[in-house]
Amino acid sequence: GVDDVLLAALGMAVARWRGRDRVPVALEGHGRVPELVAGADLGRTVGWFTDLHPAALDLRGIDVADAFAAGPAAGTLLKRIKEHRRGLPASGAGYGLLRHLDPAGRTALGALPEPEIAFNYLGRFDTGAAVGDDWTPAAEFGALGGTVDRDAPATWPIEVNAATEAGVLRASWAFPCGLFDRAEIAELAGHWRDALD
């Protein structure tokens, strides 16, 4: 899937940017996972039930230079990311329940460090909607949303939101200026773009 490709590229980018071979990320999902609650019928349910769960982009043993050169290492990494994500029960949607509502889970998972990067692929948006359609994103905002209050506290050290709009992949990179400067994040985003290319 698109998410797997974007995440493999993110792992490659961080490996080139900071030399890490294991990149913990927080993945955001829509939370509409029927298998999370046995017998649940979401057919008439409206809404987005955001879920957030940690995952690891594991590049150990991957020749990152070969992956950037579109060699066999790129395919190996992509398969590894895909299999890791497919192995998460209920696509990771149950993590929040376990982490916050289960006493044993709260203790065990609460002791773990939080990922430094949050990633969310919002999907594909066709912004060329015809007149009379029920809903379209406002042209000035697009799928990635509008403005953010610059004084709001950051949720993550680095937050990446991506979407495909009218056939073009777009990403926003948010970060607190006290942790990174624009040049550092531009470098990381450039590595991500190079990995995708």
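Residues numbered from 1 in each chain as written. Predicted model: local features only at pLDDT ≥ 70, side-chain atom pairs only at ≥ 80, totals over all residues. Heavy atoms only, no water.

Colleague: Before we move on, could you go through the overall build of the protein and cite the residues and values that matter?
Modeller: When helices and strands are counted, the protein shows six helices and five strands. Taken from the N to the C terminus, the helices and strands of the protein come in the order α-β-β-α-α-α-α-β-β-β-α. When the 197 residues of the protein are sorted by exposure, 35% land in the buried category. When contacts within the protein are restricted to residue pairs at least 6 apart in sequence, those whose partners lie at least 24 apart make up 63%. Carbon and sulfur atoms provide 54% of the accessible area of the protein, an area that totals close to 11,800 Å². (Helix = DSSP H or I, 4+ residues; strand = E, 2+ residues; numbered from the N terminus. Buried < 20%, exposed > 50% of the residue type's maximum accessible area, 1.4 Å probe, protein only. Contact = heavy atoms within 4.5 Å. Areas by Shrake-Rupley, 256 points an atom, 1.4 Å probe, with all protein chains shown as cover.)

Colleague: Explain the pattern of salt bridges residue by residue, including any values.
Modeller: For the structure shown, the criterion picks out nine salt bridges. For Asp58, the salt bridge goes to Arg60, with nearest N and O atoms at 2.9 Å. Judged by relative accessible area, Asp58 falls into the buried class, the value being 18%. Measuring nitrogen to oxygen at the nearest pair gives 3.6 Å for the salt bridge that ties Arg170 to Glu165. Classification of Arg170 by relative accessible area gives partly exposed; the value is 40%. Here the salt bridges do not stand alone but share partners, grouping Asp3, Asp4, Arg85 and Arg86 into one network. (Salt bridge = Lys/Arg side-chain N within 4 Å of Asp/Glu carboxyl O.)

Colleague: Describe the sheet that holds strand β5 (residues 168–174), with residues and values.
Modeller: The five strands are arranged β2-β1-β3-β4-β5 in an open sheet whose pairing can be described as mixed. The open sheet has two edge strands with one neighbour each: β2 (51–58) and β5. Strand-to-strand twist across the sheet, computed as the mean angle between neighbouring axes with direction ignored, equals 25 degrees. The sheet contact formed by strand β1 (residues 22–29) and strand β3 (residues 117–125) spans three bridges and is parallel. The residue of β3 that forms the bridge with Ala26 is Ala118. Packing of helix α1 (residues 2–18) onto the sheet brings it into contact with β1, β2, β3, β4 (158–165) and β5, and relative to β3 it is tilted by some 145 degrees. Lying over the sheet, helix α3 (residues 72–86) contacts β1 and β2, oriented at roughly 145 degrees with respect to β2. (Pairing = 2+ DSSP bridges. Axes fitted to C-alpha atoms, helices over the stretch in contact; angles between N-to-C directions.)

Colleague: Now, about the pairing of β5: what can you tell me, with residues and values included?
Modeller: With seven bridges joining them, β4 and β5 adopt antiparallel strand pairing. Looking at β5, one finds that Ala162 is bridged to Ala171. Counting the residues between successive antiparallel strands, the hairpin from β4 to β5 contains two residues, one of them, Ala166, with a positive phi of roughly 50 degrees.

Colleague: I'd like a rundown of the environment of Asp197, residues and numbers included.
Modeller: Relative to the elements of secondary structure, Asp197 occurs in the segment after α6 (182–196). Look at Asp197 and you get exposed, because its relative accessible area is 77%. For the pair Asp197 and Phe68, spaced 129 residues apart in sequence, the C-alpha separation works out to 8.5 Å.

Colleague: So what's going on with the packing of aromatic side chains? Which residues, and what values?
Modeller: Applying the stated criterion to the full structure yields two aromatic pairs. For the pair Trp17 and Phe180, a centre-to-centre distance of 5.9 Å together with 40 degrees between the ring planes defines the contact as tilted. One end of the pair, Trp17, is in helix α1; the other, Phe180, is in the loop between β5 and α6, with 163 residues separating them in the sequence. Phe180 matches Trp17 in its accessibility class, with the two residues each being buried. Measuring from centroid to centroid gives 5.5 Å for Trp173 and Trp192, while their planes differ by 75 degrees, and the two rings are edge-to-face. Of this pair, Trp173 sits in strand β5 while Trp192 sits in helix α6, and the two are 19 residues apart along the sequence. As far as burial versus exposure is concerned, Trp173 and Trp192 are alike and both buried. One cation-aromatic arrangement involves Arg16 over Phe68; the distance from NZ or CZ to the ring centre is 3.5 Å. It is Arg18 that lies over the ring of Trp17; its NZ or CZ is 3.8 Å from the centre. (Phe/Tyr/Trp six-rings, centres within 6.5 Å; stacked < 30°, edge-to-face > 60°. Lys NZ or Arg CZ within 6 Å of the ring centre and 35° of its normal.)

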